[in-house]
Amino acid sequence: MEICASTEAEWESGNVDTGGSSTVTESHSPSAIASDELSLAIGDEDIGHLDEAEKDSESSSDSDVANILSLTNSSANKEGQYHPFLSMISAMAYIIIHSPRPMGLSNLTFVCHTLRCMFPALPSVSTMVSYRLPGYRAPEKFYSPSGVPFYVNSIAETIKLCLANPDIAKKMERYPVLPKKGFREIFHGLQWRNDTRFQAPMATSPVGSVFLKDIVQSSIAGAICVSIIKQFYRKEGHNGVFASVQVLQVHPSELNTYILSDIVEIPVSTIVTILPQMDSRTRHVYKKGHDGSLTIVSDNELAEMSSPHPLKTRSIMCGSLPVFMAPLIIFSDDTSGNRSKVWNKFDSWCFLLAGLRQKDNAQFCNIHFICTSNQVPVMEMAHPLVDQLLELERGIVVFDAQLNTNALILAPVICFLCDNPRAAEICSHLGSGTLRFCRICRVDHTNSLTGICEERKRSSTIQEVQLIRSAHTQAERKRLRTLYGTSEKENHLLQLPVDLHQSTPIESLHTLGLGPYKYLLREKMEQLSEKQRKEVVARIAALPSSGLTGGISSDISRHYKSFVGRDFKFLAQIAMFIFSPYLSEAEIEVWLALSMVFKMVYCDEFEPQKIELYRDVCHRFARAIDCYSVTWRKKLKIHLILHLPDSMLRFGPASSFNTERCESYNSVIRSRNVYSNRQAPSKDIATAFAIQESIRFTFSGSCYNTSERCGEDLVNLYHTKEVQAFLGGEVQERGSGIHKHGTLRKLEQKLHWLQYRLHWKGKRCH
């Protein structure tokens, strides 16, 4: 952890850039880093000896550095309470300069000048800007096919810093979790549990590490029996890891022949012996059916059962390292790099660790930046990302702070979070403007509300892309694009062993709030007279808001076309009560069905046993809006609602894969561009986020490739509430009304009352 100090002669021969440029230099000589370390490492006890220390707020002179070197012992900081700093003020100044919410250079200089008036030993702004903490890795430079440079942070290095961070490693799930009742997290969903790419290959038993396909002796129902391990998982409310095993019995009459019978559950702690794999002496293996019949296992299946798990062999080659899974959530979006109305499009990529809970991933410090550019298209930036993601599929060696040892971590991509146009790009789909406008199934807009058609597959998409590219004429290519709804543009993400169509879940912000709610609101407000619009405003003001927080940000009668996601989220809870006098029977049925969809999406818990009920809710809305107006069939977002229950079954409740917090992270990227010199924004922004990763790594007491850690007081300082909030490590509780206890129950009661009213209104009409 410690950066070794240099001698005065080494400093004089070094090269340090102490200029005032806001663009961070890419590398520094060891002597320059050592000098910066010493400049930062001046304690309060040395202030009296530095009356003539630096006066200029922009740069340090060589004589000042020589004085610092003569006053500070290079080894004195090893046991310091604020190691690798010698004082709290220098550590706090470094946090301020490299905060996620940057300030302008003039404001930053003034703040540091004010601190220097009280603490004369504080180094200059340029010195602290160029200083690098342990764990920092400069972003790597790549070029687009057109020759435009862009910079990418290493995903593998960021994961290494996260796993070495005890604050993150101890919170992260390494196994799928069987919940007591409903799904509340993404690791409760079926995607992590059933897909072999995400199944944990290893668990620790009393007799050592056991892997999938191992033959073990364990205690089942009080008896010792032999079984083959099929899957590892954890159970909510229970300690330890459990295994799903298939009992292996010796055939009563045939020599070297076995019978695979029931699949049962055992705690890994009950394993008493790890037996050798089946060998060539095994003649036959039978599978026992539910009716007791025996079916012989094929030679290929037998060979597969006889070979050890490939990660077991690799673990042994790496020194018997433990092996775990750390699935990734990839987020992509575009945002403006300006605060003004002038659009300056920046495409960006970020990632999150799927093993963290929702409340942890909602913190900015757990959203990890990869790359951005305002000149390179998003899919061209994906090329170096795919190379990194393929490496993570194979596994990397990291230091695990929870186990306090090295481990082999596999980090496959579990899903992509983005809006619908970006999801179509990721899936090599043409989007909502084509006849087959759904990226998940092959429905066309003529029957989009009747149900879900044949699902798209990765293999078929690759074949369609090749077929379109091989067409000889533009007319033939256009015909094939229309027929399949597939784009033949270069898409490096198709190289990943993940089904992109099933791994882009239907998220609620863009599909529900900015979809049917926006369409219905605009349609209804345009139908109302000026007098009725004023009545709507009055009804909103008079509506009791107990149990709800927030509100509509502007006058609904004039600014309804400018509403954003939070406005539609609030409107969804009150729309039935403010618009009911102006709705026809068909419109009431549409709004009522949409309210039930809203209730399903914004619940904290998804109950998989009610999947058919959730599908019926979505189909009821589709039928209601189809009866109301056939023009809605061409709206992609209306059809995508039919896919929502399946996305929730795979990835847990909709809140576990929504984009709202990641959308908020765009403001951090924007501010980084605003407070840079804008000469190389891709490099400056990537460097700033790499520095923030190193700050979280160092200040949290992490250990990485060395036995040294930062000082204990520095760890305590980092974990204070104020510092955590400043660095984005703590989410302020705002009490969102839709999640407040009892709110959805009250909404459901009011919806039932409206259904009753509609029922009797229809009877009177007849």
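All values derive from a computational prediction rather than experimental measurement.

About the cut-offs
- Residue numbering note: each chain is counted from 1, following its sequence as written.
- At least 70 in pLDDT is required for a residue's local features to be given in this predicted model, at least 80 for side-chain atom pairs to be given and counted, and no such filter applies to totals for whole chains, interfaces and linings, which use all residues.
- Side-chain measures were taken over the full set of non-hydrogen atoms in the model, leaving aside hydrogen atoms and water.
- Secondary structure elements follow DSSP: runs of H or I of four or more residues count as helices, runs of E of two or more count as strands, with numbering from the N terminus.
- Between buried and exposed lies partly exposed: a residue is buried under 20% and exposed over 50% of the maximum accessible area for its type, with that area taken using a 1.4 Å probe on protein chains only.
- Working rule for contacts: check all heavy atoms of both residues, and any pair within 4.5 Å makes them a contact.
- Reported accessibility uses the Shrake-Rupley method at a 1.4 Å probe radius. Residues are deemed covered only where the shown protein chains occlude them.
- Between any two strands, pairing holds if DSSP finds at least two bridges.
- Inter-axis angles, ranging from 0 to 180 degrees, are taken between N-to-C directions of lines fitted to C-alpha atoms, where helices are fitted over the stretch in contact.
- Throughout this description, the term nonpolar core refers to a set of buried Ala, Val, Leu, Ile, Met, Phe, Trp, Tyr and Cys residues connected via side-chain atoms within 4.5 Å.
- Residue count minus one, scaled by 1.5 Å, sets the expected span of a helix.
- Here, a salt bridge means any side-chain nitrogen of Lys or Arg that lies within 4 Å of a carboxyl oxygen of Asp or Glu.
- Polar contacts here mean pairs of N or O atoms no more than 3.5 Å apart (in protein, one a potential hydrogen donor and the other a potential acceptor; neighbouring residues in sequence count only if both atoms are side-chain atoms).
- Two rings from Phe, Tyr or Trp (for Trp, the six-membered ring) form a pair when their centres are within 6.5 Å of each other. A pair whose planes differ by under 30 degrees is stacked, one over 60 is edge-to-face, and the rest are tilted.
- Should the NZ of a Lys or the CZ of an Arg lie within 6 Å of a ring centre and within 35 degrees of the ring normal, that charge is described as sitting over the ring.
- Each angle is binned into one of four classes, with values under 35 degrees roughly parallel, values over 145 roughly antiparallel, values of 65 to 115 roughly perpendicular, and all other values oblique.
- Should the near helix be turned anticlockwise from the far one by less than a right angle, the crossing is termed left-handed; should it be turned clockwise, right-handed.
- All residues other than Ala, Val, Leu, Ile, Met, Phe, Trp, Tyr, Cys, Pro, Asp, Glu, Lys and Arg, Gly among them, are scored as polar; the first ten of these are nonpolar and the last four charged.
- pLDDT measures how confident the predictor is about each residue, on a scale from 0 to 100.
- Whenever a pair of cysteine sulfur atoms sits within 2.5 Å, that pair is classed as a disulfide.

Within the protein one finds 29 helices and 19 strands. Every one of the 766 residues in the protein was classed for burial, and the buried ones make up 56%. Look at the contacts in the protein between residues 6 or more apart in sequence, and 69% of them connect residues 24 or more apart. Carbon and sulfur atoms provide 52% of the accessible area of the protein, an area that totals close to 33500 Å².

We now examine the sheet that holds strand β17 (residues 396-400). Pairing is mixed in the open sheet, where 3 strands are placed in the order β13-β18-β17. The open sheet terminates on both sides in strands that have one partner only, identified here as β13 (323-325) and β17. Here the average twist between neighbouring strands, direction ignored, is 45 degrees. Of the pairings in the sheet, the one linking β17 to strand β18 (residues 405-410) comprises 5 bridges and is antiparallel in character. In the sheet register, valine 398 faces β18, and the bridge partner there is alanine 407.

Once that is clear, we can look at the nonpolar core. By size, the foremost hydrophobic cluster in this structure holds 90 residues, and its most contacted members are Ile556, Leu571 and Phe579. No other element matches the 11 residues that helix α21 (residues 585-601) contributes to this core. With residues near it in sequence (within four places) discarded, leucine 571 still touches Leu521, Ile552, Ile556, Ile578 and Phe579.

Quick look at α21 now. Working note: α-helix, 3.6 residues per turn, so residues spaced by three or four point in the same direction. Here α21 spans 25 Å end to end across 17 residues, near enough to the 24 Å set by a 1.5 Å rise per residue. Among the 17 residues that make up α21, 14 are buried, leaving the element largely enclosed by the rest of the structure.

With omega at 10 degrees, the peptide bond leading from histidine 83 into proline 84 counts as cis. Despite not being glycine, asparagine 404 has its phi angle at roughly 60 degrees, a positive value. Turning to its location among the elements, asparagine 404 is positioned in the loop between β17 and β18. Despite not being glycine, arginine 678 has its phi angle at roughly 60 degrees, a positive value. In this structure, arginine 678 sits in the loop between α25 (660-674) and α26 (681-699).

We now examine the pattern of salt bridges. For the structure shown, the criterion picks out 29 salt bridges. Note that glutamate 304 is salt-bridged to lysine 213, the shortest N-O span being 3.2 Å. With glutamate 304 in helix α10 (residues 299-306) and lysine 213 in the loop between β5 (208-211) and β6 (215-220), this residue pair connects regions lying 91 residues apart in the sequence. Close ionic contact of lysine 610 with glutamate 607 constitutes a salt bridge, the shortest N to O distance being 3.5 Å. By relative accessible area, which is 34% here, lysine 610 ends up partly exposed. Classification of glutamate 607 as buried rests on a relative accessible area of 13%. Through salt bridges with shared partners, a single ionic network connects Arg137, Glu157 and Lys160.

The two faces of a sheet get side chains in turn, since along a regular strand they alternate between them. By the bridge criterion, 4 bridges tie strand β4 (residues 202-205) to β5 in an arrangement that is antiparallel. Counterpart to threonine 204 in the pairing with β5 is serine 209.

Let us look at the side chain of glutamate 507. Looking at where glutamate 507 falls in the secondary structure, it is placed in the loop between α16 (474-484) and α17 (508-527). A polar atom in the side chain of glutamate 507 sits 3.1 Å from the backbone nitrogen of leucine 509. Only 2.5 Å separates the side chain of glutamate 507 from the side chain of histidine 510, close enough to count as a polar contact. In contact with glutamate 507, not counting residues within four places along its chain, are Cys418, Asp419, Phe657, Asn658 and Thr659.

On inspection of all chains with the given rule, the structure shows 20 aromatic pairs. Ring centres 6.3 Å apart and planes at 65 degrees place the aromatic pair phenylalanine 85 and tyrosine 131 in the edge-to-face group. Of the two residues, phenylalanine 85 is situated in the loop between α3 (62-71) and α4 (88-97) and tyrosine 131 in the loop between α6 (125-130) and β1 (140-143); the sequence distance between them amounts to 46 residues. Residues phenylalanine 85 and tyrosine 131 agree in their burial class; the two are buried. The structure contains a cluster of three or more aromatic residues connected by ring pairs, namely Phe85, Tyr94, Tyr131, Phe699 and Tyr718. The ring of tyrosine 519 carries the charged tip of lysine 635 above its face, separated from the ring centre by 4.5 Å.

Before going further, it helps to spend a moment on the environment of alanine 203. Mapped onto the fold, alanine 203 is located in strand β4. Judged by its relative accessible area of 0%, alanine 203 falls in the buried class. Considering only alpha carbons, one finds alanine 203 and valine 323, 120 residues apart in sequence, at a separation of 8.1 Å. Once residues lying within four places of it in the same chain are set aside, the contact partners of alanine 203 are Tyr175, Gly208, Ser209, Val210, Phe232, Val241 and Val268.

This part is about the packing of helix α20 (residues 565-578) against α21. In a pair of packed helices, the angle between the axes and the distance between the axes together describe the arrangement. Contact geometry of α20 with α21 gives a least axis separation of 10 Å together with a crossing angle of 135 degrees. The orientation of α20 with respect to α21, classified from their angle, is oblique. Between α20 and α21 lies a crossing of left-handed hand. Contacts between α20 and α21 involve Lys569, Ala572, Gln573, Ala575 and Met576 from the former and Ile588, Trp591, Leu592, Ser595 and Phe598 from the latter. In terms of residue class, the contact of α20 with α21 is built from 7 nonpolar, 2 polar and 1 charged.

Looking at the secondary structure, you find leucine 248 in strand β8 (residues 242-250). Relative accessible area serves as the criterion here: at 10%, leucine 248 is assigned to the buried category. Sequence-wise, leucine 248 and isoleucine 263 are 15 residues apart; in three dimensions their C-alpha atoms are separated by 9.7 Å.

You can see threonine 461 is positioned in helix α15 (residues 458-469). Under the relative-accessibility criterion, threonine 461 is labelled buried at 0%. Residues within four places of threonine 461 in sequence aside, it is in contact with Cys427, Ser428, Thr486, Leu494 and His501.

Our next topic: the packing of α17 against α20. Between α17 and α20, the least distance of the axes is 9 Å, while the angle of their chain directions is 70 degrees. Considering the angle they form, α17 stands roughly perpendicular to α20. Considering the relative orientation of α17 and α20, their crossing is left-handed. Between α17, through Leu509, Gly513, Leu514, Tyr517, Lys518 and Leu521, and α20, the contact on the second element is made entirely by Gly565, Phe568, Leu571 and Ala572. Classifying every residue of the contact of α17 with α20 by side-chain character gives 7 nonpolar, 2 polar and 1 charged.

Relative to the helices and strands, alanine 169 is located in helix α8 (residues 166-169). On the basis of relative accessibility, which here comes to 1%, the residue alanine 169 falls in the buried class. Sequence separation between alanine 169 and leucine 403 is 234 residues, and the spatial gap between their C-alpha atoms is 8.9 Å. The contacts of alanine 169, once residues within four sequence positions are left out, are Cys162, Leu163, Arg174, Asp400, Ala401 and Gln402.

The subject of this paragraph is the confidence of the model for the protein. Confidence in the prediction for the protein averages 82 pLDDT; 83% of positions are at 70 or higher. Across residues 731-743, where pLDDT falls below 50, the model places 24 contacts with residues more than four positions away in sequence or in other chains.

Turning our attention to the state of the cysteines. Following the criterion strictly, the structure yields 0 disulfides and no others. Note on cysteine 162: no disulfide assigned, nearest cysteine sulfur contributed by cysteine 365 at a separation of 9.2 Å.

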